[in-house]
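Summary of the model geometry
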Amino acid sequence: MRYPPSNRVLWFGVLGGAVAWAVQFVTNLYFTFAQCNSPSGRWMLPIHDWEIGLSIVAVLVGLAATSVCVWLYGRTFHLDHVAEAERRGLGSAPPTGRLSFMAMVGLTVNFLALSIMIMTGVGAPLLHVCQQS
Amino acid sequence: MKGTPAVTRSSAAWSAAAAGRVSRQRMAQPNGWWGMALFLCAEVALFGTLIGSYFYLDFQSHQWPPAGIKPPGVVLPLLATAALALTSLPMLHAARSARAGRRGSVIALIVIALVVQCCYLALQILLFRHDLNQFTPQGSAYGSIYFTLLAVHHAHVLFGIVLDLTVLFFLVYRGLTNYWLIGVRGLALYWHVVNVLAVIVVFTQLSPSL
Amino acid sequence: MATVISPRAKPHVERLERIWTERPGLVGWVTTTDHKRIGIMYFFTALAFFGAGGVEALLIRTQLIGPNGTLLSPQAYDEVFTMHGITMIFLFVIPMTTGAFGNYLVPLMIGARDMAFPRMNALSYWIYLFSGLFMYLALLQGHAPNAGWFDYVPLASKKFDPGNNIDFYGYGLIFNGISSTAASINFIVTIFKMRAPGMSLNRMPLFCFAFLAVAFALLFALPSLSVAALFLELDRQLGFHFYDAAFGGAPLLWQNLFWIFGHPEVYIIILPAFGIATAIIPTFSHRRMVFFPLVALAEILVAFLGFGVWVHHMFTVGFATVTTVYFAAASLIIVIPSAIQLFSWITTILTGTPEFKTPLLFIVGFIVYFIIGGLSGVTLAAIPFDQQVHDSYYVVAHFHFVIFGAAVFPILGGMYFWFPKVTGRMYNETVGKVSFWLTFAGTFITFFPMHIVGILGMPRRNYTYPGGLGWSLLNFIESIGAYILASGLVLIVANLAVSRFRGAPAGNDPFEGDTLEWSTTSPPPPYNYPVIPTVSSPYPMWDEEDRKRDNRRLERGEGLLELGHETPASTVQDAQWDEILSMPSYSIWPPLTALMLAGVFTALVMQHYFIALGFLVADGLTLIGWHHKGVRT
């Protein structure tokens, strides 16, 4: 990837995992509503298969976004810390300081989003469909 | 920041040509454009909630639509929505003409879009009344969500028409100043989002028949 | 910037003073669009509603001081506890944080001269005021909303609540929501576009990150509440059946829609408090915030993840576990960003040289109560435990620790912290410390026993309880705590009120603050900054080179933007200077528009639909009037 990254790549890196989580979340939720909130027999959906499938796709998107952030963080780490050592403030002038900042933000966001996606992606299919808690 | 860089005093752009120049010189989107974009985020959330509610009620019912109510006809709503969605083209060109400083084109393009939008709304009102004769919102949850979803959408189209007329009035009365150039761009953005929402709403409305 | 203006700079400053002069008298306040004046109006209005909500709280605690209380009838109790919740959440905490603190401070912190849309800012205030008066009109009429602030159907439906109590609730919340939606748009555009050139995203103060997160959360959450209230009113007024199971509707739909708004709402409540804490801690610890990027990220992430946890308010309604598991997972993960912030704050205080003045004391109190409230929250995220304590006082304890302990304490600390900046006077430090300890003790004594009495089985939302269950002593203690808490709060207000007139002059920067507002005079001039500031870090006041450079530019007359009501606009990510904007000044349109809108909602609640339509058309006309001269009002 070229440096500095284009806006599209940058914002994918920062937000990709979060958006993947949001899509996985809303879609899987509506699958469960369709299957479990409806009177029995109305929908017969293989929701565990769909949940697993969608979770895998979402996790892959999250991993892609994470790798963008890892690359960007590595690329700007040295530059930013040299600048930091020279002055009191946080890091170097735009865009390096901002890019480093966004990379760190993206890493954490993606890590947490991946955690939720993996927790639910593994947990939901282990449960009996439509058993009440 | 060394000295005072050569940035424009945008509000001083009173003529169409000056406004166009200011528009092309900007690096970021103007504040008014951002304001409209964020307002539209809230409107998208609004429709998301309405459509989510539609399917929530759908999924938890025995039969949808309930017994005695025919699923909606498909052809007219789809054709009408296609016509509305196509008005994004004149609106897109209106925004481009505004950035180029051509007031006459802007006015003509908005008028074209306005005519189609008014015809769309008139047809939809007729269809709405026709549906009301078949079943009512007070008769079932299906009726309630069906008519509410459509009414909220049509209200947005009506609001857009009022915005069209307001922008046209000020373009004639005040000219294509910087302020109204941003207004035209905001208006175009409004219609793009409303048109996309129209497509989603019509597919929701017609989901039992598809 | 220097308080003493050099002779070379004087003519420039005088010119700015003339352009930005403040109109005196009532007319000046009614037509103002200045963010500082609007912030002050929000402050006093929110404080008045805090008092009303506080009186309601004291009535509740007095009713519950012993078993079989007779102070309030069941109907009166229902109205009081409902209005307590509505007032505190919609009419106090959100307006105080976003309207008062946010409005006053965000433009100052980013080096701007006003918000992006000054007239819309004023509109937000007037709509807030009228919506608050609208809902209290219900109380005066004796028909206050009475089904709880969460207003579950079927209790809130026409069948079980036939009067117009709930209509005031439904219409009132839609009305109030317009104010907050407009305010959030204003905050986002201001934070995106109006930052001083050089203030790229990584150099923006953490306070602004918190408010950016709050604004986005409000924008996406409020439509859900408005739709819920719309459906409710359509059911009640026109006989629709959204929530009516007999006709195919779903009572649970209300709960889902309400909590899709309601959960982000509680993060909206706490995020500004995080912002205030992150402003006070570096100042009084005399060091930069540890892990700055992670704190910024945590603030935004909490708002985002907050949209994915709403069913944790509904773990007992009978959803399948395959549904609730998504929410349990998100509810557990959302603890992490909060914990990141907590560790960062504590580390910053411990590794700095902390000065425990009153504002920092309130922040320490906030940290303690946030930990307690957060821990009880984590336990509630576990479905099995939640199902045991749902609807008991355990939940009441949890949310009062996080709402009062964690959201209000920074507000109180912030009131002390920025009091010198806003008024130019210092508050009394000794009385301040006493007021802190009274408030801190009162909070603990009132709310901690609620954990215990909740686990002992005391249900919430009940107007009284029988004796002999082991609840009486604990309730008595809680009520005494409430009186102690009230006295602490009264002492805070008294301290500030008296100091307003008798406090020592404060100077520009009594606390050696880190953000730009400390560079102006106290109070700031109407134009905020004579010269648009140079920024190269999130702690501009600690960058002495930049401040000296600004002084030199003021002397040379550079970067003043004095040809009118002007302020710069810059790009979103890196704050490169993009254009010079002309801002509106005094305008009658915002209060007029708000008044027409008040007419719409009043007519609706009285079921005069054609009059409501008339007011709506009038509102449209005022909006046209608003725009007819562009920015020249």
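Refer to the structure above for everything that follows.
This report concerns the structure included in the present document. Throughout, residues of each chain are indexed from 1 in the direction in which the sequence is written. Just so you know, chain letters begin at A and ligand numbers begin at 1, following the order they were written in. Per-residue local features are limited, in this predicted model, to residues with pLDDT of at least 70; the limit for side-chain atom pairs, both in listing and counting, is 80 or more; totals at the level of whole chains, interfaces and linings are taken over all residues.

**Quick look at the overall build of chain A**
Comment: elements are numbered from the N terminus, with helices defined as DSSP H or I runs of at least four residues and strands as E runs of at least two. Counting its regular elements, chain A contains 3 helices and 0 strands. Mapped from its N terminus to its C terminus, chain A presents α and β elements in the order α-α-α. Looking at chain A residue by residue over its 133 residues, the buried ones come to 44%. Each residue gets a C-beta atom placed from its backbone, and two residues are in contact if those atoms lie within 7 Å. At a minimum sequence separation of 6, the contacts of chain A that also span at least 24 residues come to 75%. Field definition: a residue is buried when 20 or more other C-beta atoms are found within 10 Å of its C-beta, exposed when 12 or fewer are, and partly exposed for counts in between, with C-beta atoms placed from the backbone.

**Side note on unusual backbone geometry**
Residues and elements named next belong to chain C. Residue Pro154 is bonded to the preceding Val153 through a cis peptide linkage, with omega at 0 degrees. Cis geometry is adopted by the peptide bond preceding Pro523, which originates at Ser522 and carries an omega value of -10 degrees. Secondary-structure assignment places Pro523 in the loop between helix H16 (472–502) and helix H17 (544–556). We note that His286 has phi near 55 degrees; this positive angle belongs to a residue other than glycine. Tracing the backbone shows His286 in the loop between helix H8 (251–285) and helix H9 (292–305). For His286, a count of 14 C-beta atoms within 10 Å corresponds to the partly exposed category. Of note in this structure, Phe291 is not a glycine but carries a positive phi near 55 degrees. With respect to the helices and strands, Phe291 occurs in the loop between H8 and H9. Of the residues examined, Phe291 has 17 C-beta atoms within 10 Å and is grouped as partly exposed.

**Thoughts on the interface of chain B and chain C**
The parts lose accessible area when they come together, and the size of an interface is often stated as this lost area. Listed as interface residues are 41 residues of chain B and, on the opposing side, 46 residues of chain C. Mapped by element, the contributors of at least two residues to the side of chain B that touches chain C are strand E1 (8–9), helix H2 (31–59) and helix H6 (141–173) of chain B. Considering each element in turn, the side of chain B that touches chain C owes the most residues, 14 residues, to H2 of chain B. Polar here means any residue other than Ala, Val, Leu, Ile, Met, Phe, Trp, Tyr, Cys and Pro, which are nonpolar, and Asp, Glu, Lys and Arg, which are charged; Gly is therefore polar. Looking at the side of chain B that touches chain C, its residues break down into 22 nonpolar, 17 polar and 2 charged. A pair of strands is treated as paired once DSSP finds two or more bridges between them. The pairing of E1 of chain B with strand E2 (residues 577–582) of chain C spans 2 bridges and is classified as parallel. Paired with Thr8 of chain B across the two strands is Glu579 of chain C, which belongs to E2 of chain C.

**Some details on helix H4 (residues 88–100) of chain B**
Residues and elements named next belong to chain B. Here the expected span of a helix is defined as 1.5 Å times the quantity of residues minus one. With 13 residues, H4 extends 18 Å between its outermost C-alpha atoms, agreeing within 8% with the 18 Å of an ideal straight helix rising 1.5 Å per residue. Along H4, the residues classified as buried are Pro90, Met91, Ala94, Ala95, Ser97 and Ala98. Down the axis, H4 shows its buried residues gathered within 165 degrees of arc, on one side only. Close packing links the buried residues of H4 with helix H5 (103–134) and helix H7 (178–205). Of the residues one or two after H4, Gly101 is the one with positive phi, at around 85 degrees. As used here, the arc is the angular range of directions from the helix axis to the C-beta atoms.

**Quick word on the pairing of E2 of chain C**
All names here are of chain C. With 6 of 6 residues buried, E2 lies mostly within the body of the structure. For strand E1 (residues 566–570) and E2, the ladder comprises 5 bridges, and the chain directions are antiparallel. Bridge pairing in E2 links Ser570 to Trp577.

**A look at the interface of chain B and chain A**
In this assembly, 5 residues from chain B lie in contact with 7 residues from chain A. Residues of the side of chain B that touches chain A, tallied by class, amount to 3 nonpolar, 2 polar and no charged.

**Some details on the packing of H8 of chain C against helix H12 (residues 358–381) of chain C**
All names here are of chain C. Put simply, H8 and H12 touch, their axes get as near as 10 Å, and they point 130 degrees apart. Comparing their axes, H12 and H8 come out oblique. Between H8 and H12 the crossing geometry is left-handed. On H12, the residues that touch Ala273, Ala277, Ile280, Ile281 and Phe284 of H8 are Pro359, Leu360, Ile363 and Phe366. Between N-to-C directions, angles span 0 to 180 degrees; the directions come from axes that are lines fitted to C-alpha atoms, helices contributing only their stretch in contact. Working definition: roughly parallel below 35 degrees, roughly antiparallel above 145 degrees, roughly perpendicular at 65 to 115 degrees, and oblique for all remaining angles. Helix crossings are classified by the rotation of the near helix relative to the far one: an anticlockwise turn of less than a right angle makes the crossing left-handed, while a clockwise turn makes it right-handed.

**Here we look at the sheet that holds E1 of chain B**
Strand order in the open sheet made by the 3 strands is E1(B)-E2(C)-E1(C), with mixed pairing throughout. Lying at the two open borders of the sheet, with one neighbouring strand each, are E1 of chain B together with E1 of chain C.

**Considerations on the pairing of E1 of chain C**
Side-chain direction in a regular strand flips from residue to residue, so the side chains alternate between the two faces of the sheet. All names here are of chain C. Summarising burial for E1: 5 of the 5 residues are buried, a large majority. Where burial is concerned, the two faces of E1 agree: the one with Glu566, Pro568 and Ser570 and the one with Thr567 and Ala569 are both buried. Taking the residues between adjacent antiparallel strands as the criterion, E1 and E2 are bridged by 6 residues, where Ala575 takes a positive phi near 50 degrees.

**Structural notes on helix H10 (residues 321–333) of chain C**
Its 13 residues place the ends of H10 of chain C 18 Å apart at the C-alpha level, agreeing with the 18 Å of an ideal helix rising 1.5 Å per residue. By the criterion of burial, H10 of chain C is predominantly enclosed, with 12 of the 13 residues buried. Burial in H10 of chain C covers these residues: Thr321, Val322, Thr323, Thr324, Val325, Tyr326, Phe327, Ala328, Ala329, Ala330, Ser331 and Ile333 of chain C. As for H10 of chain C, its buried residues are in contact with helix H1 (7–37) and helix H3 (96–126) of chain A together with H9, helix H11 (335–351), H12 and helix H13 (383–389) of chain C.

**A word on the environment of Pro359 of chain C**
Residue and element names in this part refer to chain C. Within the secondary structure, Pro359 is located in helix H12. The sequence separation of Pro359 and Ala506 amounts to 147 residues, and the corresponding C-alpha distance is 15 Å. Discounting residues that sit within four places of it in the chain, Pro359 has contacts with Ile280, Phe284, Gly413, Tyr416 and Phe417.

**Digging into the packing of helix H3 (residues 75–86) of chain B against H5 of chain B**
Residue and element names in this part refer to chain B. Between H3 and H5, whose axes approach to 9 Å, the crossing angle comes to 160 degrees. For the element pair H3 / H5, the angle class is roughly antiparallel. You can see that H3 and H5 cross each other, and the crossing is left-handed. Of the residues in H5, those in contact with Leu76, Pro77, Ala80, Ala83 and Leu84 of H3 are Val116, Gln117, Tyr120, Leu123, Gln124 and Leu127.

**Topic: the environment of Ala100 of chain C**
All names here are of chain C. If you trace the backbone, Ala100 turns up in helix H4 (residues 74–109). Remark: the alpha-carbon pair of Ala100 and Ile38, spanning 62 residues in sequence, is separated by 7.5 Å. Discounting chain neighbours no more than four positions away, the residues touching Ala100 are Gly39, Tyr42, Phe43, Ala46 and Pro95.

**Considering the environment of Gln63 of chain C**
Residue and element names in this part refer to chain C. With respect to the secondary-structure elements, Gln63 resides in helix H3 (residues 35–63). Measuring from C-alpha to C-alpha, the distance between Gln63 and Asp619 comes to 44 Å, with 556 residues separating the pair along the chain. Excluding residues within four positions of it along the chain, Gln63 makes contact with Gly69, Leu71, Leu72, Tyr77, Tyr463 and Thr464.

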